[in-house]
Every structure is written in structure tokens, then in C-alpha cells.
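One letter stands for each residue in the lines below.
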Amino acid sequence: MAHIAILTGGGDCPGLNAVIRAVVRRADGHGHTVIGFRNGWAGALEGDAVELTPQSTAGILPRGGTILGTSRTNPYAEPDGGERVRRTLGVEHVEALIAIGGEDTLGVARRLGGEGVNVIGVPKTIDNDLNGTDFTFGFQTAVQIATDAIDRLHTTAESHHRVIVLEVMGRHTGWIATYSGMAGGADAILVPERPFDIDEVCDRLRRRHAAGRTFSIVVVAEGAQPAQGGGLTVSKVGSTDQFGHTRLGGIAVTLEGEIERRTGFESRMTILGHVQRGGTPTAYDRVLATRFGVAAVDAVTRGDFGRMVALHGSAIVPVELDEALREPKLLDPELYETAEVFFG
Ligand code: F6P
């Protein structure tokens, strides 16, 4: 029997509540007790915790967001942050900590693990950029939302004979852009892993229109960058968080203007933003999140710490947190080459 704490850190993500429910239910079945820290690492720093029971977590499976709240707080941004978290764990008599998050949240978990805390990670992010797992939960839902958006944008693009640029999230990877672009039949997909040449993009659109099509859809990942010397500059907008990440977004504004100026085709852009992280998770993500939650508690029961539960093929397996956090998982080049077959 163990007293387990869980927390959800970083951006909210469809499926977080499904993991919380699964952890609590499996823990209950194994005779463990569970508390949740509110607002990610902020709750662990401040000792802000709530008891979680099968009753208090009933009915949350299909709900988006996280009942625990989240934040981008980095305890190690403060000199005594690690010590304060460990103190909270001591005060709360926590024997195992399940951290649900992406590279930042899991990076903190790994560091705490190095300081003697029993940690287990659960891979969450719509970006799908974590190594060690084939997929993170939340990604599939974001892809579905973006695909629905492309389907809807198609009708306006077609009716008005426009180029429509859709900007999707993904941080420094093009997973969401490529999957949704492929599913939605995009005519060009621009991703961070392949700096783009704006002249080439415009040529492609011109060729398509010369061949009789009167509209085009361009999907661009928020982190996409023009190739050096391509005559296009994109200004960085946002502020920087406690993990050193700059807020991305807005490249679609530049592209809308440049495409219209260079081709003469009327252009519009849509930035999908947090719509991609909102609402109810798809069935796939509910199942994946549930399997991750159950596997995380099973790891606690075995005493198998310092690991992240991961999807390998169709199996859930534990992997070292070190492996998961080695570097961001970039887009599979073969996938992008398949998408390219349908460009222009
Ligand atoms: O990591 C998930 C994500 O949605 C990224 O795709 C995006 O760049 C970032 O979070 C946005 O963060 P915030 O919600 O803090 O603006």
C-alpha cells in the first residue's frame, strides 16, 4: 500500500482527466491512497493538495482540461524549489509521485527522481514530441480538431476561390500539421523540421491554379521557419516561460500577406490556437490515457520508479525518463514524404 500524489503540469490537454480517473481507480483497487496537487508544480511547491477518491473523480472521463488545474511553474526556477517540493512530499507522507506532463513537467520529475523521490511519468502533450513513446495522449484529439477545421475551411476556400492558411500548434515539431494536413488533404504543409522556401510554396500554388484548381489549403505549424535567404522574415512574438520556451504563433499572418502579394490569389488565414487543446478527448485518447493511468499505478505497485509509461506499438511499457527526455521527437521524415505526394 502506498500514498500516491499526482499532478498535471504544462498546457492542458484532452485526456488528463481520464488519466486522473484511471490512477485513482487502479490505486483504489490496489489499496493505495491518492492526493492531487493543484496547478502542477505550483501545488507541490505550496503544499496545495486535495484528496482524490473514486467518488470525487466519478464522471470526469470525457471532460477536457484537468480537474486539478495546471501551470507552467518550474520549481527549479527558485533556488530552494526542489527542497520545498521534497518538504511538501514529506509533510503529505507521499511515497510515490505520478507526474503527468510533457518534457518540462517530466524534466522536473526526473530531477526530483535524482534527488531520491519515487517518480513515475505519464506522457502528455498535443504536440506528440516526447521520445520513448509512439504517441502521447491528447495528440489524436488535436489532430481531429485540426482536421475538422481544414474540412470547414475547404468550403470557404472553394466557394471564394481563395488560398487559406491554417496555423496549428506543435511547438518545434510538425506532428499536428502533418497528420491533420494529410487527413484534410492540404496542398502544402509547412513544418519546423523542413525550413520552407516561400517562392517554392507560391510556385506550387500557381501550378495548382494553372491546372484548373481555384483554391488551396496551406497548413503551417506554429514553429515553421522560412529557409535562410528566402526573402521572408518572421518576427518572434511572445514572452518566455519559466522553462525558457518562447510563445510561438502568428506565422500564418505573414504567410497570408506574402502569398497574396506574390501570387495575386486572394488569401486568408486562421490561427486555430487553443481550440486544439479544448473540449472532449477522442475515444482513442480516452483509452490511451486510461491505459497510461493504470500502468503508472502498476509501476508504483512494482516499485518501478524513474520511468515513464509509454506506448510501443500496441503495448504499454515502462521506459527510462532519461530516454523520454533525451531530445524532442521530431517528425518522421517518411510520413512527411508521403504527405508531399499530395502537395500542389
Ligand atoms: O505544448 C502544447 C502547446 O499547446 C504548444 O503546442 C503551444 O506552443 C503551447 O502549448 C502554447 O502554450 P500556452 O497555452 O501556454 O500559450
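Procedures and definitions
Residues numbered from 1 in each chain as written. Predicted model: local features only at pLDDT ≥ 70, side-chain atom pairs only at ≥ 80, totals over all residues. Heavy atoms only, no water. Buried < 20%, exposed > 50% of the residue type's maximum accessible area, 1.4 Å probe, protein only. Helix = DSSP H or I, 4+ residues; strand = E, 2+ residues; numbered from the N terminus. Pairing = 2+ DSSP bridges. Axes fitted to C-alpha atoms, helices over the stretch in contact; angles between N-to-C directions. Contact = heavy atoms within 4.5 Å. Parallel < 35°, antiparallel > 145°, perpendicular 65-115°, else oblique. Left-handed = near helix turned anticlockwise from the far one by under 90°. Nonpolar A, V, L, I, M, F, W, Y, C, P; charged D, E, K, R; others polar. Salt bridge = Lys/Arg side-chain N within 4 Å of Asp/Glu carboxyl O.

Describing the pairing of strand 5 (residues 119–123)
Where burial is concerned, most of strand 5 is hidden: five out of the five residues are buried. Here strand 5 shows no split at all, with Val119, Gly121 and Pro123 on one side and Ile120 and Val122 on the other all buried. As defined by bridge partners, strand 4 (residues 96–101) adjoins strand 5 across five bridges and the pair is classed as parallel. Bridging from a neighbouring strand, Ala99 pairs with Gly121 of strand 5.

Description of the sheet that holds strand 7 (residues 188–190)
Reading across the sheet, the four strands line up as 7-8-6-9 and stay open at both edges, with parallel pairing between neighbours. The outermost strands of the open sheet, each flanked by one partner alone, are strand 7 and strand 9 (267–271). Put simply, the sheet's adjacent strands are angled 20° from each other on average, direction ignored. Relative to strand 8 (residues 216–221), strand 6 (residues 163–168) is paired through six bridges, and the arrangement is parallel. Counterpart to Val165 in the pairing with strand 8 is Val218. Packed on one face of the sheet, helix 8 (residues 251–263) meets strand 6, strand 7, strand 8 and strand 9 and runs near 170° to strand 9.

Points about the packing of helix 7 (residues 198–210) against helix 8
Between helix 7 and helix 8, the least distance of the axes is 10 Å, while the angle of their chain directions is 60°. Taken together, the axis directions place helix 7 and helix 8 in an arrangement best described as oblique. Where helix 7 crosses over helix 8, the two elements pack in a sense that is right-handed. The residues of helix 8 that touch helix 7, namely those facing Ile198, Asp199, Cys202, Leu205 and Arg206, are Leu255, Glu258, Ile259, Arg262 and Thr263. Grouping the constituent residues of the contact of helix 7 with helix 8 by class yields five nonpolar, one polar and four charged.

Section: the pattern of salt bridges
Tallied over the entire structure, the rule returns 20 salt bridges. When the shortest N-O distance is used, the salt bridge between Glu115 and Arg86 registers 2.6 Å. One end of the pair, Glu115, is in the loop between helix 4 (103–114) and strand 5; the other, Arg86, is in helix 3 (residues 81–91), and 29 residues separate them in sequence. Of the charged contacts, one joins Asp199 and Arg262 as a salt bridge, the two residues approaching to 2.7 Å between their closest N and O atoms. In this pair, Asp199 sits in helix 7 while Arg262 sits in helix 8, placing the two residues 63 residues apart along the sequence.

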